[in-house]
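Chain and residue survey
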Amino acid sequence: MKMKPMGDLVLLKMDEVQEKTKSGIILQQNNTGFVNGTVVSIGPGLFTAAGKRIPMTTKPGDNVILHKNETNESKNIKLEDETYLIVHESEIALVSI
């Protein structure tokens with residue numbers, strides 16, 4: 001099943017939190033208030049009052065960082081046995097370049 005977000009929504013696959021390195025070193029869990037994810041799909045963007053479309057600035061494959069908060073948990077959706085997060089593009093704090 002293919003799904004495409006509407007408006008300025010972004011579908012993210014959240015990165016797994018690593019507890020150990022490959023060599024077995026235990027990583028300290030820092031609670032910085034941010035989470036990492038990868039953009040899976042984006043909406044077409046919003047329209048201005050004049051009818052012009054505002055283009056999206058993220059694209060599929062981008063690695064992003066967003067604020068971790070309680071509302072993010074309620075935005076989890078399950079598609080084809082995978083859990084994703086759907087957010088507005090304005091909720092994204094940083095995009096890797």
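Here goes a summary of the coordinates provided. All values reported here derive from a predicted model rather than from experimental measurement. (Residues numbered from 1 in each chain as written. Predicted model: local features only at pLDDT ≥ 70, side-chain atom pairs only at ≥ 80, totals over all residues. Heavy atoms only, no water.)

**Here we look at the sheet that holds strand β6 (residues 76-79)**
Strands sit in the order β6-β7-β1-β2-β5-β8 across an open sheet of six strands; the sheet is antiparallel. At either margin of the open sheet sits one strand with a lone partner, and together these are β6 and β8 (92-95). Taken over all neighbouring pairs, the strand axes of this sheet differ in orientation by 45° on average, direction set aside. Relative to strand β7 (residues 82-88), strand β1 (residues 9-14) runs antiparallel, the two being bridged by four bridges. Looking at β7, one finds that Val10 is bridged to Val87. (Pairing = 2+ DSSP bridges. Helix = DSSP H or I, 4+ residues; strand = E, 2+ residues; numbered from the N terminus. Axes fitted to C-alpha atoms, helices over the stretch in contact; angles between N-to-C directions.)

**Details of the nonpolar core**
Grouped together as the largest cluster of nonpolar side chains are ten residues: Val10, Leu12, Val39, Ile42, Met56, Val64, Leu66, Leu85, Val87 and Ile92. Residue assignment for this core shows that the elements contributing at least two residues are β1, β2 (34-42), β5 (63-67) and β7. (Core = buried A, V, L, I, M, F, W, Y, C linked by side-chain atoms within 4.5 Å. Buried < 20%, exposed > 50% of the residue type's maximum accessible area, 1.4 Å probe, protein only.)

**Section: the environment of Ile92**
By the secondary structure assignment, Ile92 is in strand β8. Taking the C-alpha atoms as reference points, Ile92 and Gly37, 55 residues apart in sequence, are found 9.9 Å from one another. Not counting the four nearest positions on each side in its chain, Ile92 is found in contact with Val10, Thr58, Val64, Ile65, Leu66 and Val87. (Contact = heavy atoms within 4.5 Å.)

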